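Overview (structure and organization)
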Amino acid sequence: MNLNGKVAIVTGASRGIGRQAAIQLAQSGVKVAVNYSSNKAKADEVVQFIEQFGGQAVAIRADVSKVNEVEAMFSETIEKFGRIDILVNNAAIMECKAIADVTEEMFDRHFAINVKGTYFACQQAMEHMGNGGTIINFSTSVSGAMLPTYSVYAATKGAVEQLTRQLAKEFSSKDIVINCIAPGQVSTELFLNGKSQELIDSFSRMNAFGRLGEPEDIANAIELLVSDKARWITGQTIRINGGFN
Ligand SMILES: NC(=O)c1ccc[n+]([C@@H]2O[C@H](COP(=O)([O-])OP(=O)(O)OC[C@H]3O[C@@H](n4cnc5c(N)ncnc54)[C@H](OP(=O)(O)O)[C@@H]3O)[C@@H](O)[C@H]2O)c1
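Rules of the game
Residues numbered from 1 in each chain as written. Predicted model: local features only at pLDDT ≥ 70, side-chain atom pairs only at ≥ 80, totals over all residues. Heavy atoms only, no water. Helix = DSSP H or I, 4+ residues; strand = E, 2+ residues; numbered from the N terminus. Buried < 20%, exposed > 50% of the residue type's maximum accessible area, 1.4 Å probe, protein only. Polar contact = N/O pair within 3.5 Å; in protein donor to acceptor, adjacent residues only side chain to side chain. Contact = heavy atoms within 4.5 Å. Salt bridge = Lys/Arg side-chain N within 4 Å of Asp/Glu carboxyl O. Near = heavy atom within 4 Å. Areas by Shrake-Rupley, 256 points an atom, 1.4 Å probe, with all protein chains shown as cover. Nonpolar A, V, L, I, M, F, W, Y, C, P; charged D, E, K, R; others polar. Phe/Tyr/Trp six-rings, centres within 6.5 Å; stacked < 30°, edge-to-face > 60°. Lys NZ or Arg CZ within 6 Å of the ring centre and 35° of its normal. Core = buried A, V, L, I, M, F, W, Y, C linked by side-chain atoms within 4.5 Å. Expected span 1.5 Å × (residues − 1). Bend = angle between axes of the 7 residues up to and from the residue.

The subject of this paragraph is the side chain of Asn 179. For Asn 179, the position within the fold is in strand 6 (residues 177–183). Residue class for Asn 179 comes out buried when judged on its relative accessible area of 2%. A polar contact is formed between the side chain of Asn 179 and the backbone oxygen of Ile 233, at a distance of 2.8 Å. Other than its neighbours up to four places away in sequence, Asn 179 contacts Ile 135, Ile 136, Asn 137, Thr 164, Leu 225, Ile 233, Thr 234, Gly 235 and Gln 236.

Dropping the structure here:
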């Protein structure tokens, strides 16, 4: 796919799905702002990887839960690359706890990063993105499985799905499409951390292909959604999960 000249911000691109999305977009000719919150070395490594194949990227630190840092991330991207065409609101956290163990701090932190971060990045996109842009938000397929201990995380993703639907008509005024990707289990730190091999194996067996998703599986879907052929898709949540549910 040729996306030469376009500019993307990928939040949470130092690792996992965001890293792979940044690399694949850059391989298609997109100039990429590689956002991270704390992992500068990893973000720099993504930029170096992109530059090695002739792509263009810049690492930008911003905690997406802080509106002023989100604003600065958009300003820095425009300063560096002159425009913004694609926003991938990928950054998120996930902690799984039974309701009795959920603290106010954990609840607020999840909503601040996963929901507030996504929302105010969309607000910046409304201000700075050119006509014909694309926004991709992130939910999860796990919501459909109603698993115990996922209540806070799944609630944040429910909010992201709804704000995606809600904003589609506002963004249409700038011919911007906005959708939400809901991955199934993907082999990244977010999914693997704290799980036994037995639990990981049991999750792997839950989809149609009997394996975990890989970051490429999700980055491939992002590439489909940023293509010119996807301009009639907006306000949707699309499950990318190998038939998990
Ligand atoms: N993996 C799965 O199985 C799965 C399933 C369904 C949905 N998802 C969704 O897919 C997306 C990517 O997940 P992943 O598995 O790739 O996660 P991951 O491997 O844990 O990576 C998370 C990324 O988000 C960044 N981040 C965390 N807090 C941030 C903040 N406050 N501000 C800016 N960046 C922040 C991290 O940056 P640092 O490195 O600097 O900390 C990192 O780059 C998330 O929205 C997640 O909910 C994942």
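A full pass over the atoms with the stated rule returns 10 salt bridges. For Glu 95, the salt bridge identified is with Lys 97, shortest N-O distance 3.3 Å. Accessibility expressed as a relative area gives 25% for Glu 95, which makes it partly exposed. With a relative accessible area of 31%, Lys 97 lands in the partly exposed category. With a closest N to O distance of 3.0 Å, Arg 109 and Glu 95 form a salt bridge. Here Glu 95 lies in the loop between strand 4 (86–89) and helix 4 (104–128) and Arg 109 lies in helix 4, a separation of 14 residues in the sequence. Each member of the salt-bridge network shares a partner with another, and the members are Glu 95, Lys 97, Glu 105 and Arg 109.

The next thing to look at is the site of the ligand. In the neighbourhood of the ligand, 32 residues make up the surrounding shell, with Ser 14, Asn 90, Tyr 153, Val 186 and Thr 188 lying closest. The separation between an oxygen atom of the ligand and a polar main-chain atom of Gly 12 is 3.1 Å. A distance of 2.7 Å separates an oxygen atom of the ligand from a polar backbone atom of Asn 90. Protein coverage of the free-state accessible area of the ligand, which is 910 Å², stands at 95%. Mapped by element, the contributors of at least two residues to the shell around the ligand are helix 1 (16–27), strand 2 (31–36), helix 6 (151–172) and helix 7 (189–192). With three residues, helix 7 is the largest single contributor of residues to the shell around the ligand. Looking at the shell around the ligand, its residues break down into 15 nonpolar, 13 polar and four charged.

On to the packing of aromatic side chains, then. Under the criterion given, the structure shown has four aromatic pairs. On the basis of an interplanar angle of 20° and a centroid distance of 4.7 Å, the ring pair of Phe 107 and Phe 111 is categorised as stacked. Note that Phe 107 and Phe 111 are positioned in helix 4 at a spacing of four residues, about one turn of the helix. A ring pair is formed by Tyr 119 and Phe 120, whose centres lie 5.5 Å apart and whose planes are at 75°; its orientation type is edge-to-face. Between Arg 19 and the ring centre of Phe 49, over which it is positioned, the NZ or CZ distance is 5.7 Å.

All right, on to the nonpolar core then. Counting 31 residues, the largest nonpolar core has Leu 25 and Val 34 as the members making the most contacts within it. Mapped onto this core, the elements with two or more residues apiece are strand 1 (7–10), helix 1, strand 2, helix 2 (40–52), strand 4, strand 5 (134–138) and helix 9 (215–226). Val 34 has contacts with Val 10, Ala 13, Ser 14, Ala 22, Ala 43, Val 46, Val 47, Ile 50, Ala 57, Val 58, Ala 59 and Ile 60, leaving out every residue within four places of it along the chain. Counting residues in each nonpolar core, the second largest holds 29 residues, with Ala 33, Ala 62, Ile 113 and Leu 167 among its members.

Attention now moves to the environment of Lys 66. With respect to the helices and strands, the residue Lys 66 is situated in the loop between strand 3 (57–61) and helix 3 (67–81). Lys 66 sits in the partly exposed class, given a relative accessible area of 39%. Between the C-alpha atoms of Lys 66 and Lys 80, which are 14 residues apart in sequence, the distance is 21 Å.

Turning to helix 4, a few remarks are in order. The first and last C-alpha atoms of helix 4 sit 34 Å apart over 25 residues, in line with the 36 Å expected at 1.5 Å per residue. The largest bend in helix 4 is about 35°, located at Lys 116. For helix 4, every residue scored as buried is listed here: Met 106, His 110, Ala 112, Ile 113, Asn 114, Val 115, Gly 117, Thr 118, Ala 121, Cys 122, Gln 124 and Ala 125. On its buried face, helix 4 is in contact with helix 3, strand 4, strand 5, helix 6 and strand 6.

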